[in-house]
Amino acid sequence: MASITNHLPTAELQALDAAHHMHPFTTGDELAAKGARVITRAKGVFLTDSEGNEILDAMAGLWCVNLGYGRPEMGEVAQRQMSELPYYNTFFQTTHVPGIALAKSLADLAPTHLNHVFFAGSGSEANDTNLRMVRTYWAEKGQPEKSHVISRKNAYHGSSVGSGSLGGMAYMHAQGGMPIPGIHHIGQPDWWAEGGDHTPDAFGLARAQELEAKILELGAENVAAFIGEPVQGAGGVIIPPSTYWPEIQRICTKYDVLLIADEVICGFGRTGNWFGSETMGITPDIMTIAKGLSSGYAPIGGSIVSDDIAAVINACEFNHGYTYSGHPVCAAVAQENLRIMQEEDILTHVREVAAPALKSALDGLADHPLVGTVNISGMMASLPLTPHKESRAKFAGDAGTVGYMCREHCFANNLVMRHVGDRMIISPPLVITPEEIEVFANRAKKALDATYKDLKDKDMLKAAS
Ligand SMILES: *Cc1c(COP(=O)(O)O)cnc(C)c1O
C-alpha cells in the first residue's frame, strides 16, 4: 500500500488527489485542473497547508470545530478508549459506558423535557432517524396517516436521501431522485433576500403562517412534524425575524405537529447558549445534534427526544439504527468535548468576549461599499454582498459569482470565509480571541477591497434589474 505522508511535494499530492479522491459538493474536473489545497496541520483557529501558509479558519472546518484545533486531551481520551473498548454495538441488549455517560450528559444539558438520546454517526443520519421516528410515533399512536413532514426551501438537513429530502436545497433535489414523497417545503424567513417592502416582523409572521396554510392544505391529521434550523446555517446564516419562531411554535401546538429543531450547527454554544432553541425561544420535541457535539474531532450525531416520544418509541421495537450508533470512541471524545466546554466555560467566553468582539469587527466592515448588512447570532454571521445597500439589490449576472470571487480573495489572504450565493459566511471556533478576530477582520477587509476592485475593473458592479 502506498504510504502518503505530508512530506510529498504539494503537486504530487494534488495529482494523487485528483486521480483517486472524489470530493463532496465539488466539480471534480475543475478542482483537478486547479489542484486542491492540502491542509496538513491545525492549531487553535489556524490551519497550515502543505506550502506552509497559516490560514485563519473562520468557518471552524464545516461549522464544527467549536473548541479549536489541536486539543491534546481529545486525542488522549480517544487513545484510552481505543485501548479499553474500541467498539461495541448497542443493538442487541448491550450497552457501554461512553454511550451511557454521553446520553446522560446530553439529557442534563438539553431542555428539561428532552431526556432521551438516539445516537447516529452524523447529522444526516440523525435526521433520517427523526423522519422514521416521528412517523413511527404517530403510527404507534394509531395515526399512521399522520406522516407528512414540512420543512423550508433552502434548509440544510444533510445529504443522505432522507435528510437531503428534508432539506430544501433545489440544486440537491435536482440530482438523484429527491425529495422522496411526503415531504413539503414552505418559504424561508430570509427577509434580506425575499422580504421585499415588508418590515422584517411582518415578513417573519407571513413566512411562519405559510406553515399553517400548508398544514390546512394537507390536513392536520396527515402532518407528523415540522423541521427547521433555529438559524439556517448552510442556507446563508439566515436569522429569522423575532416574530417567526413564536408563530411556528403556536402553529405546531395548535395542530399537534411535532417540532424538530435541527441543532447540528446551532447546538453546543454557537449562538451563545447550549442550543439555538434557547436563543430563539423554541420548545422542540426533538433536537438533531452533530458537528459541535464532538467539535468535529470524531464523527457522531444523534437525536435528543422528548419524554413523550421516547415513551411511545420505547414501547415498540424501533427497527432502526446504525452500526456506529453511539460508537464508544466517538462518544468518549464528545464527552471530553462537553467536559472542556464546561470546565473552560466556553459559553461565557462566547457571550461576553468572542461574540461582542466579532460583532464589533463585522460592524467595522458594514461601511464597506459591498457589504449590505451584518447578520449575527452569537458566533455565526453573514455579510450579504450587494451593489446597492438601500434596495438590497442582487448583482446582475449569475448569483454566487461575486461571493465566489470574494472567497477566492479570502483564500489568497490566508482566510477561510465561505460564501453561500453572494453572502459571506462566518462561523469561527468559539474559542477565538479578540486578537485573532482582529486578524480575521484585517484579512476580510483586504479580500473585500480586492473583490470591489475586481468588480469595478470588470464592470460588474451592477444591480440585477
Ligand atoms: C451539516 C448539517 C447537517 C448534516 O450533518 P452531517 O454530519 O454532514 O451529515 C444537518 N443539519 C444541519 C443544520 C447541518 O448544518
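From a predicted model like this one, the values you see are computed outputs, not experimental measurements.

Draft legend 1. Quick look at the packing of helix H15 (residues 346-365) against helix H17 (residues 434-457). Two elements in contact, H15 and H17, have axes whose closest approach is 10 Å; the angle formed by their N-to-C orientations is 25°. Between H15 and H17, the angle is such that the two are roughly parallel. Between H15 and H17 the crossing geometry is right-handed. Where H15 abuts H17, its residues Val353, Ala354, Ala357, Leu358, Ala361, Leu362 and Leu365 lie against Pro434, Ile437, Phe440, Ala441, Ala444, Lys445 and Leu448. Classifying every residue of the contact of H15 with H17 by side-chain character gives 13 nonpolar, no polar and one charged.

Draft legend 2. Expanded view of the layout of surface pockets. Its volume calculated, the second largest pocket comes out at about 880 Å³. As for the second largest pocket, its lining consists of 29 residues, and the residues nearest its centre are Thr90, Val117, Phe118, Phe119 and Asn314. The set of elements that each furnish at least two residues to the lining of the second largest pocket consists of helix H5 (97-109), strand S4 (114-120) and helix H13 (307-314). Residues that form the lining of the second largest pocket fall into these classes: 15 nonpolar, 13 polar and one charged.

Draft legend 3. Region of the structure containing the sheet that holds strand S14 (residues 418-420). With respect to topology, four strands assemble into an open sheet ordered S11-S12-S15-S14, the strand pairing being antiparallel. Looking at strand neighbours, the two that pair on one side only are strand S11 (375-377) and S14, the edges of this open sheet. Going across the sheet, the axis of each strand differs from the next one's by a mean of 25°, ignoring polarity. Across three bridges, the pairing between S11 and strand S12 (residues 380-384) is antiparallel.

The rules we used
What you see as residue numbers is a count from 1 along each chain, following the sequence as written. In keeping with the predicted nature of the model, local features appear solely for residues at pLDDT of at least 70, side-chain atom pairs appear and are counted solely at 80 or more, and the whole-chain, interface and lining totals rest on all residues. Heavy atoms from the whole structure form the basis of all side-chain values; hydrogens and water molecules are not counted. All axes here are fitted lines through C-alpha atoms, helices being fitted over the stretch that makes contact, and every angle between N-to-C directions spans 0 to 180 degrees. Helix and strand labels come from DSSP, where a helix needs a run of H or I of at least four residues and a strand needs a run of E of at least two; each type is numbered from the N terminus. Here is the rule for angles: anything less than 35 degrees is roughly parallel, anything more than 145 is roughly antiparallel, 65 through 115 is roughly perpendicular, and the remaining ranges are oblique. Throughout, a crossing is termed right-handed when the near helix is turned clockwise from the far one, and left-handed when it is turned anticlockwise from it by less than a right angle. Only heavy atoms enter the contact rule, under which two residues are in contact if any of them lie within 4.5 Å. Under the scheme applied here, ten amino acids are nonpolar (Ala, Val, Leu, Ile, Met, Phe, Trp, Tyr, Cys and Pro), four are charged (Asp, Glu, Lys and Arg), and all others, including Gly, are polar. Buried and open spaces are told apart on a 1 Å grid over the protein atoms alone, a cavity being a set of points where a 1.4 Å probe fits but cannot get out and a pocket being an open set with protein on both sides within 12 Å along at least five of seven lines. Residues with an atom within 4 Å of a point are the lining residues. Grid points are joined across faces, edges and corners, and a volume is the space filled by probe spheres set on the points. A pair of strands is treated as paired once DSSP finds two or more bridges between them.

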